[in-house]
2 protein chains.
Amino acid sequence: GRVDPVRLDRLAEVAVKVGLNIQPGQDLILTAPVAALPLVRRVAVHAYRAGAGLVTPILSDEQVVLARYSEARPESFDHAAGWLFSGMAAAFGEGAARMAIAGDNPMMLSGQDSEAVARANKANSHAYRPAMERITGFDINWSICAYPTAAWARLVFPDLPEPEAVARLANAVFRASRLDGPDPVAAWAEHNANLMARRRWLNGHDFQALHFRGPGTDLTVGLAEGHEWMGGASTAKNGVTCNPNIPTEEVFTTPHALRCEGYVRATKPLSYMGTLIENIEVQFSQGVIVEAKATKGEAVLQKMISSDEGARRLGEVALVPHSSPISQSGILFYNTLFDENAACHIALGQCYAKCFRGGTSMGAEEIRQRGGNSSIIHVDWMIGGPETDIDGITASGGRVPVFRGGEWA
Amino acid sequence: GRVDPVRLDRLAEVAVKVGLNIQPGQDLILTAPVAALPLVRRVAVHAYRAGAGLVTPILSDEQVVLARYSEARPESFDHAAGWLFSGMAAAFGEGAARMAIAGDNPMMLSGQDSEAVARANKANSHAYRPAMERITGFDINWSICAYPTAAWARLVFPDLPEPEAVARLANAVFRASRLDGPDPVAAWAEHNANLMARRRWLNGHDFQALHFRGPGTDLTVGLAEGHEWMGGASTAKNGVTCNPNIPTEEVFTTPHALRCEGYVRATKPLSYMGTLIENIEVQFSQGVIVEAKATKGEAVLQKMISSDEGARRLGEVALVPHSSPISQSGILFYNTLFDENAACHIALGQCYAKCFRGGTSMGAEEIRQRGGNSSIIHVDWMIGGPETDIDGITASGGRVPVFRGGEWA
Ligand SMILES: [Zn+2]
Ligand SMILES: [Zn+2]
Ligand SMILES: [Zn+2]
Ligand SMILES: [Zn+2]
């Protein structure tokens, strides 16, 4: 078996109706690897059915990218397609929605010259910034989902023949994207309502800190002042409520960069820039990592947390029950869209401005004063499992059960 | 057998080195149907090897286009991706080269609502104009070549199983593109030199008219005042000599819109907007068609020549020997890039400004005064064959043999 066309069509429908919530007459820019064409085509159908103006796919190809690394002159790696990204920014400025389909081989560039990769990434990030700011600033409705390409499936299931690997990954992507019931759009409405109820409950308590306990973990994560819990659907500045991530399971907020104490053991391996880091154990004091070790990939871990001053402090804390479909799959996807939804996690590095009350209108200095961390990295790693207990600590020092045995208390 | 990878790689090399003549550090925008990806990938390799800066493929997909026609709201057909085309124009303005790979199913839109198609085409043409003007004005080096897609092959060889049809079309495309010898780049240099020698000879004679004779044909085509014969390589305003068409066999110029007399019989069927027009016979008097008939598709022919006033007059005359590889293939490609190189042809409608001495700096009124036609159409149809004789008529009324028995005299 390969990719089931019925569930693929459901994914397209969910991506268009729930992910984007595309509006009548709204244009759509759809970026995807060319290997995701079967999903691109179904998204186009559902977007036009929903009244989209014009759907413009911008397709990338792994082999064209690799041709650059094997053949191009060294000085060319500072080039980027600025004309294309500026055009996208202009289109977003005129109201176009944006969908990204993930699915490239996560290890695509792991064998290439790391300096060339870094320079190309830098040039791309710089050229893409005007478009990216309209996306991260939520000027328009946007969404990311994923297609189970063969290159990705071979990495996730290296021991299976390719058709079986693709079928397995497809099943996992579809289940994680909550497509298996009779009415996926209704299932997503219910899921969003559940996430919203958790957000409201957490925001109502306005905890000072969360206390995580589990095997190898006793960690108190202070929360930023004025932090706000987010998760599930978001309403963009154009008034359209969208789901930026399909799938999503987390509710998440901003920790206080100076207030993290204790020790924590990762519950899953971390895939970082082509290396798998296993059995991470970290000690925090006054918000900063004072000791970090791993049984495999420790050198990469040390290099990562030395990226800059903020790389040793937290920028995100997120709650995901152990019963979430991605956690239950037991699969390491090598893709943050999935892996960060497998368990409660923390992220080292940059915080999200939107995880403050009124955060989108705050300056960087105000965010810092409230405890928001800043860094060039943002790396999520999983610390939750079936034995995770979490208490919320209130302003008066009281304790409220949040998680028990890996589930909402 | 499918598409031979060795000759496909040669086509990519010829397209990059001869077609584009891409320069070190020059960026490349490469438009193609996604079905032409095997050629896109080899073009990327050869472009980077030749020192290209960044190669950006912009891939279109037939099924995404068809999803629009089957699902989109009627009012959406006036939309175009202006942001993308404006970006391309900006990139050309900054020196990027442009390659287009043809290969879409020529009948892709023949079953769709013709009003929707016309509106989408109009919106596209309008949005694309700034980019198109930089291409047709030869600001930058550009080139078109073709990939034998399955959809195209099924149309050309409807009676063959698909793999055989693709293999046959691939062979025809490769042969037409002059890739069969040991050194295709050298073969193109020789071919360009031959075309240039023909151009020089014709320009040196500065004929007043060409007199075509053959079965069913006795036609005197007056040439525009100050006309210039073109064909093969061209030098763009950025100083780069490129071959805009791979393949190309024709030398061509601008006839005088008021000076065409006699009758002419088409030697091949004409594929026009999804209809095959067969056995066209036309009578000209004082430059204008006074009678036109066809054994099949005559209504479409009549509609075409009624598009506007210029649609009944000539805008191009082109010389192609019967021994040209495309003519010898005997294949109707349903694609002007190939079919117009199968035989001597004339075009009804718009003339080319570049086919005047100093034409790129002339205004529309000066072009008209010299005999250049204008129209919203430009439709090439074949009038040459193995029995075609052509005389050039000099200023003094003398006759110079140009073609005898379908070949250069
Ligand atoms: Zn997260
Ligand atoms: Zn994160
Ligand atoms: Zn021509
Ligand atoms: Zn023509």
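Up top is the structure these notes are about.
Residues numbered from 1 in each chain as written. Chains lettered and ligands numbered in written order. Predicted model: local features only at pLDDT ≥ 70, side-chain atom pairs only at ≥ 80, totals over all residues. Heavy atoms only, no water.

Colleague: Is there a simple way to explain the overall build of chain A in this structure?
Modeller: From N to C terminus, chain A includes 12 helices and 20 strands. Its C-alpha radius of gyration of 21 Å places chain A within 12% of the 22 Å reference for a compact globule of 409 residues. Oriented by its inertia axes, the alpha-carbon framework of chain A measures out at about 55 × 50 × 45 Å. The buried share among the 409 residues of chain A stands at 55%. Long-range contacts, defined as pairs at least 24 residues apart, comprise 75% of the intrachain contacts of chain A with a sequence gap of at least 6. (Helix = DSSP H or I, 4+ residues; strand = E, 2+ residues; numbered from the N terminus. Rg over C-alpha atoms; globule rule 2.2 N^0.38 Å. Buried < 20%, exposed > 50% of the residue type's maximum accessible area, 1.4 Å probe, protein only. Contact = heavy atoms within 4.5 Å.)

Colleague: How should the interface of chain B and chain A be read in this particular structure?
Modeller: A common way to state how big an interface is: give the accessible area lost once the parts meet. Counting from both sides, the interface comprises 37 residues of chain B and, opposite them, 37 residues of chain A. Of all residues in chain B, the largest losses of buried area upon contact with chain A belong to Tyr48(B), Glu71(B) and Trp83(B), amounting jointly to 22% of the total for that side. Where chain B packs against chain A, one counts four salt bridges. Put simply, Arg41(B) and Asp61(A) hold a salt bridge, and the shortest N to O gap is 2.7 Å. Taken together, the links from chain B to chain A amount to six residue pairs in polar contact (both at pLDDT 80 or more). (Buried area = accessible area lost by both parts, 1.4 Å probe. Salt bridge = Lys/Arg side-chain N within 4 Å of Asp/Glu carboxyl O. Polar contact = N/O pair within 3.5 Å; in protein donor to acceptor, adjacent residues only side chain to side chain.)

Colleague: For this particular structure, what's the right way to read the coordination of the zinc ion (ligand 3)?
Modeller: Residue and element names in this part refer to chain B. For the zinc ion (ligand 3), the protein coordination sphere consists of Glu250 (OE), Glu316 (OE), Glu340 (OE) and His345 (NE2), at 1.9 to 2.3 Å. Angles of 86 to 149 degrees at the metal separate the four donor atoms of the zinc ion (ligand 3), which places the site in the irregular class. Between the zinc ion (ligand 3) and the zinc ion (ligand 4) the interatomic distance comes to 3.3 Å, and Glu316 is a ligand of both metals. Highlighted residues: Glu316 in strand S15 (residues 314–319) and His345 in strand S16 (residues 345–349), separated in sequence by 29 residues. (Donors = N, O, S within 2.8 Å, 3.2 Å for Na, K, Ca; no water. Tetrahedral: all angles 85-135°; square planar, octahedral: opposite > 155°, others 65-115°.)

Colleague: Help me understand the sheet that holds strand S18 (residues 389–393) of chain A in this model?
Modeller: All names here are of chain A. Taken in spatial order, the eight strands make up an open sheet running S14-S13-S10-S6-S5-S18-S19-S20, and their pairing is antiparallel. In this open sheet, the two edge strands, each paired with only one partner strand, are strand S14 (288–293) and strand S20 (407–408). Where strand S5 (residues 209–214) lies against strand S6 (residues 217–223), six bridges are found, and the strand directions are antiparallel. Considered in S6, the bridge of Gly214 is made with Thr217. Of the strands in this sheet, strand S19 (399–404) and S20 touch helix H8 (residues 184–205), which is tilted by about 155 degrees from S19. (Pairing = 2+ DSSP bridges. Axes fitted to C-alpha atoms, helices over the stretch in contact; angles between N-to-C directions.)

Colleague: Would you mind showing me how to read the relation of the copies chain B and chain A here?
Modeller: Superposition of chain B onto chain A requires a rotation of 180 degrees combined with a translation of 0.0 Å along the rotation axis, giving an RMSD of 0.1 Å. Such values leave the two copies arranged in the relation of a two-fold axis. Within chain B, the C-alpha atom positioned nearest to the axis of rotation is that of Gly87(B), 2.8 Å from it. Comparing interface residues between copies, 100% of those in chain B also lie at the interface in chain A; the contact surface is shared. (Least-squares fit on C-alpha atoms with pLDDT ≥ 70 in both.)

Colleague: How should I be thinking about the nonpolar core in this particular structure?
Modeller: Proteins that are soluble and globular tend to have nonpolar side chains buried together. Grouped together as the largest cluster of nonpolar side chains are 165 residues, with contacts concentrated most on Met88(A), Met99(A), Ile101(A), Met88(B), Met99(B) and Ile101(B). Those residues within four positions of Met88(B) in sequence are excluded, and the remaining contacts are Trp83(A), Ile29(B), Thr31(B), Ile58(B), Tyr128(B) and Ala131(B). (Core = buried A, V, L, I, M, F, W, Y, C linked by side-chain atoms within 4.5 Å.)

Colleague: Looking at this structure, I do not really get the sheet that holds strand S2 (residues 55–60) of chain A. What am I missing?
Modeller: Through backbone hydrogen bonds, the strands of a sheet pair up, either in parallel or in antiparallel fashion. All names here are of chain A. Taken in spatial order, the four strands make up an open sheet running S2-S1-S3-S4, and their pairing is parallel. Only two strands of the sheet have a single neighbouring strand rather than two, namely S2 and strand S4 (142–146). Strand-to-strand twist in this sheet, taken as the mean axis angle between neighbours without regard to direction, amounts to 15 degrees. Where strand S1 (residues 28–33) meets strand S3 (residues 97–102), four bridges bridge the pair, whose relative direction is parallel. By the bridge assignment for S3, Leu28 is matched with Ala97. Where helix H4 (residues 82–93) meets the sheet, it contacts S1, S2 and S3, and its direction lies at approximately 140 degrees from that of S1.

Colleague: Honestly, the coordination of the zinc ion (ligand 2) in this entry has me stumped. Any pointers?
Modeller: For a metal with four tetrahedral donors the ideal donor-metal-donor angle is 109.5 degrees, whereas six octahedral donors ideally subtend 90 or 180 degrees. All names here are of chain A. Summarising the metal site, the zinc ion (ligand 2) is bound by the protein donors Glu316 (OE), His378 (NE2), Asp380 (OD) and Asp380 (OD), whose distances to it range over 2.0 to 2.6 Å. Separation of the zinc ion (ligand 2) from the zinc ion (ligand 1) amounts to 3.3 Å, with Glu316 serving as a shared donor to the pair. Taking the relative accessible area as the measure of exposure, His378 reaches 26% and is therefore partly exposed. Exposure remark for Asp380: the relative accessible area of 10% places this residue in the buried category.

Colleague: Is there a simple way to explain unusual backbone geometry in this structure?
Modeller: Most of the time, phi is negative for any residue but glycine, and the peptide bond is trans. Residues and elements named next belong to chain A. Looking along the chain, the bond that leaves Ile246 and enters Pro247 is cis, with omega of 5 degrees. Mapped onto the fold, Pro247 is located in the loop between strand S8 (241–242) and strand S9 (251–253). Despite not being glycine, Asp206 has its phi angle at roughly 45 degrees, a positive value. For Asp206, the position within the fold is in the loop between H8 and S5. Even without being a glycine, Asn279 presents a positive backbone phi close to 55 degrees. Relative to the elements of secondary structure, Asn279 occurs in the loop between strand S12 (275–277) and strand S13 (281–285). A relative accessible area of 46% means that Asn279 is categorised as partly exposed.

Colleague: Even after reading the chapter, I still don't get helix H9 (residues 298–305) of chain B, so can you show me in this structure?
Modeller: One full turn of an α-helix is made of 3.6 residues, so residues set three or four places apart face in the same direction. All names here are of chain B. Turning to H9, its buried residues number three or more, namely Leu301, Met304 and Ile305. On an axial view of H9, the arc spanned by its buried residues comes to 90 degrees, and they lie on one face. Exposed and facing more than 90 degrees away from the buried side of H9 are Ala299 and Lys303. (Arc of directions from axis to C-beta.)

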